[in-house]
Every structure is written in C-alpha cells, then in structure tokens.
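Coordinate inspection notes
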Amino acid sequence: MRVVKKKVLVDVCGPVDLSGDEGWVAFDAPALVGASLRFVSGEPDGNRYRVRYYRDAEQQLRARIWFGPETEGPPGHSHGGAMAAVLDEVLGLAAWAAGHRVVVGNLNISFRNLLPLEEVVTVESTVISAAGRKVMVHGRICLGETVFAEAECLCITLPGK
Ligand SMILES: CCCCCCCCCCCC(=O)SCCNC(=O)CCNC(=O)[C@H](O)C(C)(C)COP(=O)(O)OP(=O)(O)OC[C@H]1O[C@@H](n2cnc3c(N)ncnc32)[C@H](O)[C@@H]1OP(=O)(O)O
C-alpha cells in the first residue's frame, strides 16, 4: 500500500529544475562531510526535499531546493520545522565548506513569509566570522525579493581532527 502511494506522488510531482545561477559551480557535499546528511539531501527524486548545492562566485554555499508535499505544515505550505532542518543543514555545511569542522550549536530563525509547497527556492549563506571555536553563519531561504525565513547560526568546531 505504501509503495503505491509513493509512486502516485512521484508521478504527481514530476521532475524539478534545480539548476543554479550563472557562475555557480556544483558543490559535492558528500565528498566533504560523508553521506550522513540524508534527512534533507538523501532523496533527490523523493517528495520531501530535492536539493542541489553550489558555490557562488564569492565561494559562498548556495542551495537550490524544492520543498515537496511531505514538508507540509500549514495547508499548502512548508512546515516551519522543515525550513529549520534545511537551514540547519545548509548553514552548518557552509561552515564546513569554509574549512571548519563543526556542529550547529545555536540556530535562530525568523519565519517571514509562508513558503508554498512545490516551489524551487534558494538558500543563501554567508560565513560572517570565525573566532576560537565559534563560527557564525547567516542565511536565508528566498525566491527573488521574497524572504521566507532568515537565520543566524552559531557553529562550534569539534575538538580533535
Ligand atoms: C563529525 C562529522 C559530521 C559531518 C556532518 C556535518 C554536517 C553539518 C550540517 C549539519 C548540522 C547539524 O545538524 S549538527 C546537529 C545539531 N547539533 C547538535 O546536535 C549539537 C549538540 N551540541 C553539542 O554537541 C555540544 O553542545 C557542542 C559540540 C555544540 C559544544 O559542546 P562542547 O564541545 O562541550 O563545547 P562547550 O564548551 O559547551 O562550548 C564551546 C564554546 O561554544 C559556546 N557555545 C556552545 N554551545 C552554544 C550555544 N548553543 N549557544 C551559544 N554558545 C554556545 C560555549 O559557551 C563556549 O564558549 P566559550 O566559553 O569558549 O566562549
């Protein structure tokens, strides 16, 4: 029964264009951090999220991401926790991409607009500072001028190699 339901959803959703902007270069997240990031990035043809990572011309991490029907919270729109999971992954990964071996210690999110399901949006990230074990990364989920969520993320470097 579950298999049939999933197949129908796949047919309904169809392919999604996750191509990047001009000048963006594809970024291989598993090559850097391993294959553990399955919750957000693990099902590239599924109905939860579909994600592709890039670096922009300034080397900052970017993600093109589709929020599928399985991320629903308010009817027809993404769950806030679904957006939080994406920001946790992308902003933590941004610190790794900048050379810091971290986990996320604190993630402060403001939800600014309801995010419609099955929309392809962009996650922007900027590494703001690195001092001692603390790496601050800011980011937002947006589409054009519309900001759906913005976040400040304190990453803490892991001890040891
Ligand atoms: C491995 C392959 C992975 C590979 C995968 C990589 C993927 C990255 C993307 C995924 C991101 C995630 O989902 S990560 C998963 C979600 N995150 C977690 O589960 C983290 C759980 N928390 C922890 O493990 C711990 O609390 C740590 C590591 C964050 C910190 O513990 P600690 O090592 O004992 O260090 P501690 O002394 O407490 O803190 C060091 C300094 O940071 C400050 N600090 C610590 N936490 C906070 C905080 N929440 N808010 C403010 N400040 C904080 C302290 O005040 C201190 O400042 P001072 O006194 O020095 O000034």
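Residues numbered from 1 in each chain as written. Predicted model: local features only at pLDDT ≥ 70, side-chain atom pairs only at ≥ 80, totals over all residues. Heavy atoms only, no water.

Per an unreviewed UniProt entry, the protein carries the name Acyl-coenzyme A thioesterase THEM4 and comes from Desulfuromonas soudanensis.

This part covers helix α4 (residues 80–97). Taking 1.5 Å of rise per residue, the 18 residues of α4 would be expected to cover 26 Å, and the 25 Å separating its terminal C-alpha atoms lies within 8% of that figure. Burial analysis of α4 places 13 of its 18 residues in the buried class, which makes it a mostly covered element. Two residues or fewer past α4, Gly 99 is found with a positive phi of approximately 100°. (Helix = DSSP H or I, 4+ residues; strand = E, 2+ residues; numbered from the N terminus. Expected span 1.5 Å × (residues − 1). Buried < 20%, exposed > 50% of the residue type's maximum accessible area, 1.4 Å probe, protein only.)

Another point: the state of the cysteines. Enumeration over the complete set of coordinates arrives at zero disulfides. Free of any disulfide, Cys 142 has its nearest cysteine sulfur in Cys 153, 17 Å distant. Cys 142 gets classed as buried once you look at its relative accessible area, which sits at 4%. (Disulfide = S-S within 2.5 Å.)

Surveying the vicinity of the ligand reveals 16 residues, the closest of which are Asp 88, Val 104, Gly 105, Arg 133 and Lys 134. Interatomic distance of 2.4 Å between a side-chain N/O atom of Asp 88 and an oxygen atom of the ligand. Contact with the protein chains removes 48% of the 1300 Å² of surface that the ligand exposes when unbound. Listing elements by their share of the shell around the ligand, those giving two or more residues are α4, β4 (102–111) and β7 (146–157). Residue contributions to the shell around the ligand peak at five residues, all from α4. (Near = heavy atom within 4 Å. Polar contact = N/O pair within 3.5 Å; in protein donor to acceptor, adjacent residues only side chain to side chain. Areas by Shrake-Rupley, 256 points an atom, 1.4 Å probe, with all protein chains shown as cover.)

Quick look at the nonpolar core now. Inside soluble globular proteins, nonpolar side chains tend to come together where they are buried. If you look at the biggest cluster of nonpolar residues, it comprises 34 residues, and the most contacted ones within it are Tyr 49, Tyr 53, Ile 65, Phe 67, Val 86 and Ile 141. Sorting the residues of this core by element identifies β2 (49–55), β3 (61–67), α4, β4, β5 (120–131), β6 (134–143) and β7 as the ones contributing at least two each. If one sorts the elements of this core by residue count, α4 sits on top with 11 residues. Residue contacts for Phe 67: discarding those within four places in its chain leaves Arg 48, Tyr 49, Ser 78, Ala 82, Met 83, Val 86, Leu 115, Leu 117, Glu 118, Glu 119, Val 121 and Ile 141. (Core = buried A, V, L, I, M, F, W, Y, C linked by side-chain atoms within 4.5 Å. Contact = heavy atoms within 4.5 Å.)

Attention shifts here to the sheet that holds β6. Sheets are built from strands that pair by backbone hydrogen bonding, the pairs being arranged parallel or antiparallel. Spatial strand order, β1-β2-β3-β5-β6-β7-β4: seven strands in an open sheet with antiparallel pairing. Two strands lie at the open edges of the sheet, namely β1 (25–26) and β4, each paired on one side alone. Judged from the two bridges that link them, β1 and β2 form a sheet pairing that is antiparallel. Bridge assignment links Val 25 to a residue of β2, and that residue is Arg 55. On the sheet, α4 packs against β2, β3, β4, β5, β6 and β7 and is oriented at approximately 135° with respect to β4. (Pairing = 2+ DSSP bridges. Axes fitted to C-alpha atoms, helices over the stretch in contact; angles between N-to-C directions.)

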